[in-house]
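If you want the building blocks of each chain, they are given just below.
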Amino acid sequence: MRSLADTETIGVVGAGTMGAGIAQVAATAGYTVVMRDIEQEYVDAGFDSIESSLDRFVSNDDLSEADADAIVDRITGTTDLAELADCDVVIEAAVEDMEIKQDIFRDLDDALPEDVVLATNTSTLSITTIASVTDRASRVVGLHFMNPVPIMTGVEVVVGEKTDADVVAFAHALAEDLDKETWESDDKPGFVTNRILMPWINEGVRAFDEGVASKDDIDTGMKLGTNVPMGPLELADHIGLDVCLDASETLHEELGDRYKPAYLLQRKVDAGDLGKKTGAGFYTYD
């Protein structure tokens, strides 16, 4: 297996919110990055997201314009999976769909040398099941970044049934080299974060739907009462209501009725109000 010292190029599969964020922090840390998606328009949107994020850092005097330009220059966009062949590690950040992720990992397994570590940014799906379609299950690990990736400092390292100990150590070291802090979870549904977070969000939605309090009072009460930066409704909007629903449905299937998605969450998603990314969720946004 390649060591962190030998790691120069990081591949990212998926140029959406999470993939673009991972590409940005990897390039910020000095790595060469290859960001791949299935259509050029998605790759272009990923670069737009990265440039907008970097512009905010520049506006806040946290980054110079020259450094921001250098970060973008370290990222190459592509729709060709073969361009990941020279990467030292690849992080998959595609949609939360087991079939899609397994297809990606089959292709990556064929395209990359056998010593390359394959990581998945899944937030709920089994690392072991994703790894099972490859011939390198021992080199597959979960690297669950938090959203927004350039701002949030945490990364959850998830250990599959066959993940080697040295791969786990590599995953921690890589995340820390990206200026993140890590914690570790076994490959159980929802891992640490979403296993605890999704019931919290769903109960906040139910409390609002049942008239326990206004959405502002629910969020304010949880922020002041538990010292968290965002309440459950605000956080759901920030994550994306569709993402919360998908995660809740996966956990409901795996762990039973205590993870059943709130009715109002489902209704919001059906209406297309997905939170900040669509301009409306539990709150409205410019």
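The rules behind these values
The numbers attached to residues start from 1 for each chain and follow its sequence in the written order. It should be noted that, the model being predicted, local features are given only for residues of pLDDT at least 70 and side-chain atom pairs only at 80 or more, the latter also being counted only at that level, while totals for whole chains, interfaces and linings use all residues. Think of the side-chain values as coming from all heavy atoms in the structure, minus any hydrogens and water. In DSSP terms, a helix is any run of H or I states spanning at least four residues, a strand is any run of E spanning at least two, and both are numbered starting from the N terminus. Between buried and exposed lies partly exposed: a residue is buried under 20% and exposed over 50% of the maximum accessible area for its type, with that area taken using a 1.4 Å probe on protein chains only. Counted charges follow a simple rule, with Lys and Arg positive, Asp and Glu negative, and His plus the chain ends left uncounted. Take a side-chain nitrogen of Lys or Arg and a carboxyl oxygen of Asp or Glu: if they are within 4 Å of each other, that pair is a salt bridge. Pairs of residues are marked as contacts when any of their non-hydrogen atoms sit within 4.5 Å. Any two strands are treated as partners once DSSP identifies two or more bridges connecting them. To get an axis, a line is fitted to the C-alpha atoms, and for a helix only the part in contact is used. The angle between two axes follows their N-to-C directions and goes from 0 to 180 degrees. Delimitation of the domains relies on an automatic or database domain assignment. Here the term charged refers only to Asp, Glu, Lys and Arg, the term nonpolar to Ala, Val, Leu, Ile, Met, Phe, Trp, Tyr, Cys and Pro, and the term polar to all other amino acids, Gly among them. Any angle that falls under 35 degrees is termed roughly parallel, while one over 145 is termed roughly antiparallel, one within 65 to 115 roughly perpendicular, and all others oblique.

Under an unreviewed UniProt entry, the name given to the chain is 3-hydroxybutyryl-CoA dehydrogenase, and the source organism is Halobacterium salinarum.

A. Quick peek at the side chain of Arg-36. When you line up the elements, Arg-36 lands in strand β2 (residues 32–36). Buried within the structure, Arg-36 lacks any salt-bridge partner; its nearest side chain of opposite charge belongs to Asp-107, at an N-O separation of 6.1 Å. In this view, Arg-36 contacts Val-12, Val-13, Gly-14, Ala-15, Thr-78, Thr-79, Asp-80, Leu-81 and Leu-84; residues no more than four positions away in its chain are not counted.

B. Representation of the sheet that holds strand β6 (residues 140–145). One open sheet holds the eight strands; their spatial order is β3-β2-β1-β4-β5-β6-β7-β8, and the pairing between them is mixed. The two strands at the open ends of the sheet, each matched to only one other strand, are β3 (75–78) and β8 (181–186). Neighbour-to-neighbour, the strand axes of the sheet open up by a mean angle of 25°, direction not taken into account. Bridge count between strand β5 (residues 117–120) and β6: three bridges; the pairing is parallel.

C. Summary view of the domain arrangement of the chain. Parsing the chain into structural domains produces domain 1 (2–184) and domain 2 (193–276). In this structure, domain 1 and domain 2 have C-alpha centres spaced 27 Å apart. Taken residue by residue, the interface counts nine residues in domain 1 and six residues in domain 2. Put simply, domain 1 and domain 2 have zero salt bridges between them. Counted by class, the side of domain 1 that touches domain 2 contains four nonpolar, four polar and one charged residues.

D. Structural context of the packing of helix α9 (residues 232–239) against helix α10 (residues 241–255). At a minimum axis distance of 6 Å, the contact between α9 and α10 shows a crossing angle of 100°. Our classification of the angle between α9 and α10 gives roughly perpendicular. Residues Ala-236, Asp-237 and Ile-239 of α9 form the contact with α10, whose own contacting residues are Leu-241, Val-243 and Cys-244. In the contact of α9 with α10, the residues fall into five nonpolar, no polar and one charged.

E. Region of interest: the pattern of salt bridges. This structure, assessed with the given rule, holds eight salt bridges. In this structure, the salt-bridge partner of Arg-136 is Asp-109, at a minimum N-O distance of 2.6 Å. Pair noted here: Arg-136 is in the loop between α5 (127–131) and β6 and Asp-109 is in helix α4 (residues 98–111), with a separation of 27 residues, a long-range link. When sorted by exposure, Arg-136 lands in the same class as Asp-109, which is buried. Between Arg-206 and Glu-203 there is a salt bridge, with the nearest N and O atoms lying 3.4 Å from each other. One end of the pair is Arg-206 and the other is Glu-203, both in helix α7 (residues 193–209) and three residues apart, which spans about a single turn. For Glu-203, a relative accessible area of 48% translates into the label partly exposed. Three or more residues are tied together by salt bridges with common partners; here these are Glu-92, Glu-96 and Lys-101.

F. How the structure looks around the environment of Met-222. Position of Met-222 among the secondary structure elements: in helix α8 (residues 215–226). Distance in space between the C-alpha atoms of Met-222 and Ala-280 is 21 Å, their sequence separation being 58 residues. Ignoring anything within four residues of it in the chain, the contact list for Met-222 reads Trp-200, Asn-227, Val-228, Gly-231 and Pro-232.

G. Inspection of the environment of Val-158 at higher detail. Following the sequence through the fold, Val-158 ends up in strand β7 (residues 154–159). Under the relative-accessibility criterion, Val-158 is labelled buried at 0%. Residues in contact with Val-158, not counting those within four places in the same chain, are Ile-127, Val-141, Gly-142, Ser-185, Asp-186, Asp-187 and Phe-191.

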